[in-house]
Amino acid sequence: MSRRRPLNGFTMSLISYLDSVKARDPAARTRYEVLLYPGVWALGFHRAAHALYRIELYWLARLINHIGRMLTAIDIHPGAKIGRNFFIDHGFTVIGETAEIGDDVTIYQCVTLGGTDPAAGIPGKRHPTIGHGVIIGSGAQVLGPIKVGPRARIGANSVVTRDVPEGATMVGIPARSTLVEATEYEKAFVPYGTPCGERFDPATQQLEILKCEVEQLRARLSAMLDEKTKSA
């Protein structure tokens, strides 16, 4: 009777990673499909390039980076620091040299984690720091040495240039925090980091607040008129 060989650490880590991607992508049916994703390959190339970068083999690190970019349309600088279970859904994403990304982060297509002008920026740090569990929607631009707090969500096509609080949902240009209902906030995963519906639009929310204030003023005015009528 044959015995199965125990899985080694690398295999178990790979399986865990593939399962984490599968949990975030309803289109994935099997782990073998996930293995074909350009985001998975881009991360593999980056792990190799980053290892070379750390031992100051910069030219080889950049060579692997360029090969990965040609094959996946995803450009991750070898110097970027990336945590566990990082997933880029589709391609055309750019991640800068001093970017730092936590665990369980999801980024969609056409996202840039960009840097500021080296002459004007903080020495040694030009790119964002992304906390654990962050979701960044397609087309979003996160720029400068800012911090995006854990579990924050950056809506599609948003431009973020300031620090983002933990758990905040940012939408718009420039990105502003939008109020999110408890049922939405408690969801483990929001595709594209963008809650759907007009009630999540900052402009719509401002109008709702103004409507409430007008109603309150009308109620107070009505009460004052009633008192005046009674006293007359």
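Cut-offs applied
- Residues numbered from 1 in each chain as written.
- Predicted model: local features only at pLDDT ≥ 70, side-chain atom pairs only at ≥ 80, totals over all residues.
- Heavy atoms only, no water.
- Helix = DSSP H or I, 4+ residues; strand = E, 2+ residues; numbered from the N terminus.
- Expected span 1.5 Å × (residues − 1).
- Buried < 20%, exposed > 50% of the residue type's maximum accessible area, 1.4 Å probe, protein only.
- Arc of directions from axis to C-beta.
- Contact = heavy atoms within 4.5 Å.
- pLDDT = per-residue confidence, 0-100.
- Polar contact = N/O pair within 3.5 Å; in protein donor to acceptor, adjacent residues only side chain to side chain.

Novice: How should I be thinking about helix 4 (residues 58-72) in this particular structure?
Specialist: Because each turn of an α-helix spans 3.6 residues, side chains separated by three or four positions in sequence point in the same direction. Helix length check: helix 4, at 15 residues, gives a terminal C-alpha distance of 21 Å against a target of 21 Å (1.5 Å per residue), a fit within 8%. Buried within helix 4 are the following residues: A61, N65, G68 and T72. Viewed along the axis of helix 4, the buried residues span an arc of 65°, placing them on a single side of the element. Structural note: helix 4 exposes W59, M70 and L71 on the side pointing more than 90 degrees away from its buried face. Taken together, the buried residues of helix 4 touch helix 3 (38-54) and strand 1 (74-76). Phi turns positive, to about 60°, at A73, one or two residues after helix 4.

Novice: I keep staring at the confidence of the model for the protein chain and nothing clicks. Help me out?
Specialist: Should pLDDT be low for a region, the predicted coordinates there are not to be read in detail. For the protein chain, the average pLDDT comes to 82, and 78% of its residues sit at 70 or higher. Across the protein chain, strand 5 (residues 100-101) holds the top mean pLDDT of 96, while helix 5 (residues 182-185) sits lowest at 46. Here residues 181-186 scores under 50 on pLDDT; set against residues more than four positions off or in separate chains, the count is eleven contacts.

Novice: Mind showing me how you'd approach the side chain of H127 here?
Specialist: Examined against the element boundaries, H127 turns out to sit in the loop between strand 7 (112-114) and strand 8 (129-130). Residue classification places H127 among the buried residues on the basis of a relative accessible area of 7%. At 2.7 Å, the side chain of H127 and the side chain of T98 are in polar contact. There is a polar contact of 3.5 Å between the side chain of H127 and the backbone nitrogen of G115. When near neighbours in sequence (up to four residues on either side) are disregarded, H127 contacts G96, E97, T98, A99, L113, G114, G115, G144, P145 and I146.

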